[in-house]
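# Tertiary structure, described
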Amino acid sequence: QVQLVDSGGDLVQPGGSLRLSCAASGSIFRVGVMGWYRQAPGKQRELVATISSDNIPNYADSVKGRFTISRGNAKNELYLQMNSLKPEDTAVYYCNAVIWSSSTNLRGYWGQGTQVTVSS
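Residues numbered from 1 in each chain as written. Predicted model: local features only at pLDDT ≥ 70, side-chain atom pairs only at ≥ 80, totals over all residues. Heavy atoms only, no water.

Under the defined criterion, the tally for this structure stands at 4 salt bridges. We note a salt bridge from R66 to D89, for which the minimum N-O separation is 2.7 Å. Taken as a pair, R66 in the loop between β6 (57-59) and β7 (67-71) and D89 in the loop between β8 (77-82) and β9 (91-100) lie far apart in primary sequence, 23 residues in all. When sorted by exposure, R66 lands in the same class as D89, which is buried. Here the salt bridges do not stand alone but share partners, grouping R38, E46, R66 and D89 into one network. (Salt bridge = Lys/Arg side-chain N within 4 Å of Asp/Glu carboxyl O. Helix = DSSP H or I, 4+ residues; strand = E, 2+ residues; numbered from the N terminus. Buried < 20%, exposed > 50% of the residue type's maximum accessible area, 1.4 Å probe, protein only.)

Here you go:
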């Protein structure tokens, strides 16, 4: 069984920084693309950033130049460095990963979510 656990959310003032973390554990054969999504109250879940297994990042326009996505050396860890935070970044942030549990069995997994609140 595979599990994703994300963490690092907090209350921060506008202009501040936070670093989110996500770790995949369990019966893992290989981890593919990983990413961060967020969902604000009353809105649909949206893409924040993704990173491929060979470390090629992709960002939503709203976070380009402010957020940096990265993977740990073990490839089953994911991070999101968030700088110059704005009130509109307030949301629950979810880690997502495509994981092979065997050479032929893959599916997508979600973390439980971590709350980021940007407010003075």
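In total, this model carries 1 disulfide according to the counting rule given. Paired through a disulfide, C22 and C95 show a sulfur-sulfur distance of 2.0 Å. Around the S-S axis, the bridge from C22 to C95 shows a dihedral of about -70° and counts as left-handed. Note that C22 is positioned in strand β3 (residues 18-26) and C95 in strand β9, a separation of 73 residues in sequence. (Disulfide = S-S within 2.5 Å.)

The next thing to look at is the packing of aromatic side chains. If you walk through the whole model with that rule in mind, you get 2 aromatic pairs. Between the aromatic rings of Y37 and W110, the centroid separation amounts to 5.1 Å while the plane-to-plane angle is 70°, which identifies the pairing as edge-to-face. You can see Y37 sitting in strand β4 (residues 30-39) and its partner W110 sitting in strand β10 (residues 106-110), a full 73 residues away along the chain. On the numbers, 6.4 Å between centres and 90° between planes, the contact of Y94 with W110 is edge-to-face. Here Y94 is found in strand β9, whereas its partner W110 is found in strand β10, with 16 residues between them in sequence. Judged by relative accessible area, which is 41%, W110 ranks as partly exposed. Chaining the aromatic ring pairs together yields one cluster made of Y37, Y94 and W110. Note that R30 overlies the ring of W100, its terminal NZ or CZ placed 4.6 Å from the centroid. Above the ring of W110, the side-chain terminus of R45 is found at 4.6 Å from the ring centroid. (Phe/Tyr/Trp six-rings, centres within 6.5 Å; stacked < 30°, edge-to-face > 60°. Lys NZ or Arg CZ within 6 Å of the ring centre and 35° of its normal.)

Along any regular strand the residues' side chains alternate between the sheet's two faces. Relative to β8, β3 runs antiparallel, the two sharing 6 bridges. Bridge assignment links S21 to a residue of β8, and that residue is Y79. As judged from the 5 bridges shared by β7 and β8, these two strands associate in the antiparallel manner. Bridge pairing in β8 places T68 opposite Q81. What sits between the antiparallel neighbours β7 and β8 is a turn of 5 residues, in which K75 has the positive phi angle 70°. (Pairing = 2+ DSSP bridges.)

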